[in-house]
Structure formats: structure tokens, C-alpha cells
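# Architecture at a glance
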Amino acid sequence: ALAGEFLARFGGEFVDDASPYASAARVDDLRALSAVSLPAHLESNTVAALFLGNRYELRMSSYAFGMLVAFLVDDDTRAPLMRIVNRRCRVQIVEGSPAVAPKAGGGGGAVAGPG
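Residues numbered from 1 in each chain as written. Predicted model: local features only at pLDDT ≥ 70, side-chain atom pairs only at ≥ 80, totals over all residues. Heavy atoms only, no water.

## A look at the overall build of the protein
- When helices and strands are counted, the protein shows six helices and three strands.
- Going from the N terminus to the C terminus, the protein shows its helices and strands as α-α-α-α-β-α-α-β-β.
- Looking at the protein as a whole, 26% of its 115 residues are labelled buried.
- Accessible surface, the protein as shown: approximately 7700 Å² in total, 58% of it carbon and sulfur. (Helix = DSSP H or I, 4+ residues; strand = E, 2+ residues; numbered from the N terminus. Buried < 20%, exposed > 50% of the residue type's maximum accessible area, 1.4 Å probe, protein only. Areas by Shrake-Rupley, 256 points an atom, 1.4 Å probe, with all protein chains shown as cover.)

Given below as C-alpha cells:
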């Protein structure tokens, strides 16, 4: 429910911000998610339902994980984001320095996919 409320509230803004960085395979998913503007839309939107029905594995260095947690707890308004990460993601801490972000449209990234 929390992820759905967040998606309904900020989904359009997220789609606008993320589209330039999305791989070609994800552009259609982003377009489908842009139609979600109310929590009720989550049930009828197959892409949203698919994403909400899965947990995702995030691989990151301990430094990156520390930065993520510091960001999420720095402001009380980000507490819902922390709950979403806790409920929907499994974080795997890997050795080494943080990876360089892929170029726009290059695919890849820290999210491994449904787990």
C-alpha cells in the first residue's frame, strides 16, 4: 500500500525524471506507469501490479548503502521511502568502491530485478 501511494503521488514526476536514463526496454514500462495517478489505478495497471508484486535485489558498496541510509533518515519526510526500501528490496553489500553509473539508455545499474 505504501509503495502504491508513493507511486500514485509522485509517479508522473518520477517518469519525467527517469525517462532520459531508462534503457529502451524500460521506456514502455515508464509510459505505462505514467498512467497511474490514483491508488486505485495500481490494481488495473498491469505494469504497476507486476512491480509491486516483486522484491528487488540492490547490489551496492557499503559506502553507497551508508549514503542511501543517511539520505533516507536525514529528513522525516523520507521515512516512507525507507519503509519502501525495507519492504520491497533486498540489499546486498558488495566489496569495492561504488560503481560508475551507466550512460543514458545503457541499461544495467544497481537494480538486479525481481527476486
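Alright, that's what it looks like, and here's the rest.
## Remarks on the pattern of salt bridges
- Evaluation of the coordinates by the stated rule reveals one salt bridge.
- A salt bridge links D74 to R78, with the shortest nitrogen-to-oxygen separation between them at 3.8 Å.
- When its relative accessible area of 63% is taken as the criterion, D74 is described as exposed. (Salt bridge = Lys/Arg side-chain N within 4 Å of Asp/Glu carboxyl O.)

## Here's the deal with the nonpolar core
- Core analysis: the biggest nonpolar cluster contains six residues, these being L58, M60, L72, M82, V85 and C89.
- Residue assignment for this core shows that the elements contributing at least two residues are β1 (56-61) and α6 (79-88).
- Counting five residues, the second-largest nonpolar core is a separate cluster that includes L33, L42, V47 and A48. (Core = buried A, V, L, I, M, F, W, Y, C linked by side-chain atoms within 4.5 Å.)

## Topic: helix α2 (residues 24-33)
- Of the residues making up α2, those classed as buried are D29, L30 and L33. Down the axis of α2, the buried set is contained in an arc of 100 degrees. They therefore lie on one face. Across α2 from its buried face, at more than 90 degrees, point the exposed residues A24 and R31. (Arc of directions from axis to C-beta.)

## A closer look at the packing of aromatic side chains
- Applying the stated criterion to the full structure yields one aromatic pair.
- A centroid spacing of 6.2 Å and a plane angle of 35 degrees characterise the contact between F51 and Y56, whose relative ring orientation is tilted.
- Residue class for F51 comes out partly exposed when judged on its relative accessible area of 29%.
- We note R78 situated over the ring of F71; from NZ or CZ to the ring centre the distance is 3.9 Å. (Phe/Tyr/Trp six-rings, centres within 6.5 Å; stacked < 30°, edge-to-face > 60°. Lys NZ or Arg CZ within 6 Å of the ring centre and 35° of its normal.)

## Looking at the packing of helix α5 (residues 62-74) against α6
- Look at α5 against α6: their axes get within 7 Å of each other, and the N-to-C directions meet at 140 degrees. Viewed along their axes, α5 and α6 adopt a mutual orientation that is oblique. The hand of the α5/α6 crossing is left-handed. Here V69, L72 and V73 of α5 lie close against α6, whose contacting residues are A79, L81, M82 and V85. (Axes fitted to C-alpha atoms, helices over the stretch in contact; angles between N-to-C directions. Parallel < 35°, antiparallel > 145°, perpendicular 65-115°, else oblique. Left-handed = near helix turned anticlockwise from the far one by under 90°. Contact = heavy atoms within 4.5 Å.)

## Topic: the confidence of the model for the protein
- Averaged over the protein, the pLDDT score is 76; the fraction of residues at 70 or greater is 72%.
- Confidence, read as mean pLDDT per element, is least for strand β3 (residues 111-114) in the protein (48) and greatest for α5 (92).
- In this model residues 102-113 is a low-confidence stretch, pLDDT under 50, and it forms 21 contacts with partners more than four residues away in sequence or in other chains. (pLDDT = per-residue confidence, 0-100.)

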